[in-house]
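# Chain and residue survey
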Amino acid sequence: MARVADLLLKRERRGLRSAIVARIVVFLLSTAVVIAAYGSVFELVFSVAVFLAAAACAAFLLRSLKPVSNPVPIGLAAAGIDVALLAVLPLIWLTSVGGPEVMPLSFTLKGGLVPVALTMIVLNGLPLRPLYPLVASLGSAAVYLGYVAAALLDSRTEITGDYAKSLMGPPLQLGGILAEFAIIVIVGGMVVLTTLLARRLMLSGVQLERANAQLGRYFSPAVRDEISDASDTFFKPGGAEQVVTVLFSDIRNFTAMSETMSPQEVVALLSEYHSRMVDAVFAHGGTLDKFIGDALMATFGTPRPAADDVDRAVQAGIAMRSALDAYNKERERRGQAALRHGVGIHSGKAVVGNVGTPDRLEYTVIGDTVNVASRIAAACKATGEDLLISKEVRTQLTGSFAFRKIDPIALAGKSEKVDLFAVETG
């Protein structure tokens, strides 16, 4: 869950950064409008100072939004600045037209207070944390009610039931006031709810992304995408017969080697070895079927067969040989003994699908093809080879590979000796 939380915070910072940048642009554009509109030097300087101060605060918050920082205080500060600016804007306008001595306070409710409030609420919804638009909504509602109270306390304020008269002059219509207040509350609530739903949807997306990444620990990217897009029928017990290529690898004399090692050392060795072998398998489009102690089983052609399954399996075996050579050089520098392994590859028909119950499934390959591949890997020790393929694999190869036939060998469980081929590098 820590990984999910980190990704969620990263995306929240991105949304918060976009919202702050949008504020800076709005502040600077507003400053340009003020410069063009005002005639009084004092009013001009005061208005520009307010807008630039707000822009400076936004720029400071943007600079403070570092990858390691907690975005919540910055998001709350941004929402607080929005509310404060919303409270100051009508005063700036009132000052520009002569102040409360000249202009009734009811006019502060007629200068676009509601549209500005709604814009700020929406901006606070961009980071997808409901707390920010909630603060902006409550603050905007409080500012609006504050100006309503100030206007009602002004002896010059008239109350009228005529909407046109209230729209064109100083009188206030209580129905209009209630409607504007309701708009702030309703839109604010909708933004908070939408943000909450979007955040949950994003959380689900992050978790799905994480689960998809976890699939990559078991399958090659192509197979992972296949499983991610599969229908429900894919995840039911059962399977189908198809031609697959199976690769087995195991470490020579691992049992004797592990007797002289601690459990922690054994786990560390297998982790280092398997990670390198699995990388080679995935690099050639194979599917990791399972680990069996020091052994590794991989398949090519699952869940969907391809024309070059056999070639890719052999290429993976060669890559595993190179990976082991590189690993042994590391072990030599650490004063550790070199490892030797055997890789066996066989191709044939097998049942591919999910084994188990609806609650606990294992996607695997079952059949004699698997047994033969395992025994070919074991035959590497008797023959002194590190990469053997069956005759069935050899006849299907289409690429350019160097190999040589070895003397027929008896495999466990087989009544007759079988032909095997050693794959050489280059």
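This text gives an overview of the structure that appears in the document. (Residues numbered from 1 in each chain as written. Predicted model: local features only at pLDDT ≥ 70, side-chain atom pairs only at ≥ 80, totals over all residues. Heavy atoms only, no water.)

### Quick notes on the packing of helix α4 (residues 113-125) against helix α5 (residues 131-153)
Packing of α4 against α5 leaves a shortest axis separation of 8 Å and a crossing angle of 165°. Classified by the angle their axes make, α4 and α5 are roughly antiparallel. Pair α4 / α5 crosses with right-handed handedness. In this structure, α4 contributes Leu113, Val114, Ala117, Met120, Ile121, Asn124 and Gly125 to the contact, and α5 contributes Tyr132, Pro133, Ala136, Ser137, Ser140, Tyr144 and Tyr147. Class assignment of the residues belonging to the contact of α4 with α5 gives a composition of 10 nonpolar, four polar and no charged. (Axes fitted to C-alpha atoms, helices over the stretch in contact; angles between N-to-C directions. Helix = DSSP H or I, 4+ residues; strand = E, 2+ residues; numbered from the N terminus. Parallel < 35°, antiparallel > 145°, perpendicular 65-115°, else oblique. Left-handed = near helix turned anticlockwise from the far one by under 90°. Contact = heavy atoms within 4.5 Å. Nonpolar A, V, L, I, M, F, W, Y, C, P; charged D, E, K, R; others polar.)

### Looking at the pairing of strand β2 (residues 287-292)
Of the pairings in the sheet, the one linking β2 to strand β3 (residues 295-300) comprises five bridges and is antiparallel in character. The residue bridging isoleucine 292 from the neighbouring strand is alanine 295, located in β3. The hairpin formed by β2 and β3 contains two residues between the paired strands, and glycine 293 there has a positive phi angle of roughly 65°. (Pairing = 2+ DSSP bridges.)

### Considering unusual backbone geometry
Most peptide bonds take the trans configuration, and most residues that are not glycine carry a negative phi. At leucine 128, a residue that is not glycine, the phi angle is positive and equals roughly 60°. Among the structural elements, leucine 128 can be located in the loop between α4 and α5. Judged by relative accessible area, which is 23%, leucine 128 ranks as partly exposed. Non-glycine residue asparagine 253 carries a positive phi angle of around 55°. (Buried < 20%, exposed > 50% of the residue type's maximum accessible area, 1.4 Å probe, protein only.)

### Looking at the pattern of salt bridges
Throughout the structure, instances matching the rule amount to 10 salt bridges. Lysine 290 serves as the salt-bridge partner of aspartate 289, at 2.5 Å between the closest nitrogen and oxygen. Overall, the relative accessible area of 12% leaves aspartate 289 in the buried class. Here lysine 290 falls in the partly exposed class, since its relative accessible area comes to 23%. In this structure, the salt-bridge partner of aspartate 386 is arginine 321, at a minimum N-O distance of 2.8 Å. Here aspartate 386, found in the loop between α12 (368-383) and β6 (387-390), pairs with arginine 321, found in helix α11 (residues 309-333); they are 65 residues apart in sequence, far enough to count as distant. Accessibility expressed as a relative area gives 11% for arginine 321, which makes it buried. Here the salt bridges share partners, and the residues they tie into one network are Asp308, Asp309 and Arg312. (Salt bridge = Lys/Arg side-chain N within 4 Å of Asp/Glu carboxyl O.)

All quantities given are derived from atomic positions and should not be read as evidence of function.
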